[in-house]
Amino acid sequence: MTATLWAALSGVGFGLFQTLNGRAVRELDSPYVSTFLQLLIASVILGGAALVTEDPAELLHLRVSTLAILALAGLVHFLGGWTMLNLSHGRIGAARTSPLLAMTPLFGLFFAAIITGVVPGWPALLGIALTVAGAYAVAEPRITGAGTAPRDSVFGIGTAIAWALGAVLTAEGLKRFDSALLGVTVGVVTATLAYGLVLLAIRAPLREVTADRPALALKLSAGVLVALATWARWIALEDIAIAVVLALQLISVPVVLILASVTAGAWAEAVSARVWTGAGLVIGGGLVLLLGT
């Protein structure tokens, strides 16, 4: 299977995950505990797969600097990005969050230029412009009659920033270590341990939240999907450019828009014509980035 196909499958997986997760977060009523459960599930799945298919002893031969990059990528992407994603899902829903995440290629090109010195050309700049226009259409407060405030888009855009920086750090880590599965496992386990310590420190009510079994089952299903989608994304990052992988993640946008209103109800997700227009712009921007890379 080609790296491009892995990236595309990752986009579909993230779309399915967001659809389920948007509803689960609202029902669990705690985005922080929800994020921890998500991390825990991903750690179990990816860690188990790594033990079966890889040689964990390879990690013992890595330089400390390489392990630090992989761990930092996990903290940025999983701890930071997933927390803000769950906060955004709880505040504005998956349908309006997903197009905002399409700004990830924009931030990815920015961070890649700073860290690797790669400067985008005119096709990439056109793609960035389309992406930003689409994200603005979704973030603008008049997208629904609910009067969404501009600050409600902060968490979605923050997720895009975290995922972009995490992708660049991931690519740097994989230059020094050729096992995508072990690399992502280092990142997600680091983030899970850190999150667990934080929840213990603040004494989060884990038992009360997990008492809602239907919502918990929904969250577990979403966690499995995002773990597999993340694995596919790391595989893709081994062989193709960061901008291509991030652009193909935009496949998640139409997946979410189509399914969100079905699973959560149009009243909850508010999938308006403006949201669809914004989604079309960000998808078009992603395609320009893909073709121009």
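Everything numeric here is computed off the predicted structure, so don't read it as measured data.

Procedures and definitions
Residues numbered from 1 in each chain as written. Predicted model: local features only at pLDDT ≥ 70, side-chain atom pairs only at ≥ 80, totals over all residues. Heavy atoms only, no water. Helix = DSSP H or I, 4+ residues; strand = E, 2+ residues; numbered from the N terminus. Buried < 20%, exposed > 50% of the residue type's maximum accessible area, 1.4 Å probe, protein only. Contact = heavy atoms within 4.5 Å. Areas by Shrake-Rupley, 256 points an atom, 1.4 Å probe, with all protein chains shown as cover. Salt bridge = Lys/Arg side-chain N within 4 Å of Asp/Glu carboxyl O. Patch = residues over 30% accessible without salt bridge, like charges linked within 9 Å, V, L, I, M, F, W, Y side chains within 5 Å. pLDDT = per-residue confidence, 0-100. Axes fitted to C-alpha atoms, helices over the stretch in contact; angles between N-to-C directions. Parallel < 35°, antiparallel > 145°, perpendicular 65-115°, else oblique. Left-handed = near helix turned anticlockwise from the far one by under 90°.

Caption draft 1: Structural detail: the overall build of the protein. Helix and strand content of the protein: 14 helices and zero strands. Helices (α) and strands (β) of the protein occur, in sequence order from the N terminus, as α-α-α-α-α-α-α-α-α-α-α-α-α-α. When the 293 residues of the protein are sorted by exposure, 56% land in the buried category. For the protein, the proportion of contacts with a sequence separation of at least 24, taken over those separated by at least 6, is 90%. Total accessible area on the protein is roughly 12,400 Å²; 70% of this is exposed by carbon and sulfur atoms.

Caption draft 2: Up close: the pattern of salt bridges. The full count for this structure, using the stated rule, is one salt bridge. In this structure, the salt-bridge partner of Lys-175 is Glu-172, at a minimum N-O distance of 2.9 Å. Judged by relative accessible area, which is 61%, Lys-175 ranks as exposed. We classify Glu-172 as buried; its relative accessible area is 17%.

Caption draft 3: Just helix H4 (residues 94-101), in detail. Among the eight residues in H4, eight count as buried, and that is most of the element. Regarding H4, the residues found buried are Ala-94, Ala-95, Arg-96, Thr-97, Ser-98, Pro-99, Leu-100 and Leu-101.

Caption draft 4: Main features of a nonpolar patch on the surface. A surface patch of nonpolar side chains, about 400 Å² in accessible area, is lined by Val-12, Leu-16, Ile-258, Leu-259 and Trp-276. Among the secondary structure elements, those contributing two or more residues to the nonpolar patch are helix H1 (3-28) and helix H12 (252-264). Relative to the helices and strands, Leu-259 resides in helix H12. Of the residues examined, Leu-259 reaches a relative accessible area of 31% and is grouped as partly exposed.

Caption draft 5: Spatial organisation of the confidence of the model for the protein. Residues at a pLDDT of 70 or more form 80% of the protein, whose mean pLDDT is 78. Across the protein, element-level confidence peaks in helix H3 (residues 64-92) with a mean pLDDT of 91 and bottoms out in helix H13 (residues 266-269) with 47. Segment residues 142-148: pLDDT under 50, and 13 contacts once partners within four positions in sequence are set aside and those in other chains are kept.

Caption draft 6: Representation of the packing of H4 against helix H7 (residues 154-174). Between H4 and H7, whose axes approach to 8 Å, the crossing angle comes to 40 degrees. By the angle between their directions, the pair H4 and H7 is classed as oblique. Crossing hand, H4 versus H7: right-handed. Residues Thr-97, Leu-100 and Leu-101 of H4 pack against Gly-156, Ile-157, Thr-159, Ala-160 and Trp-163 of H7.

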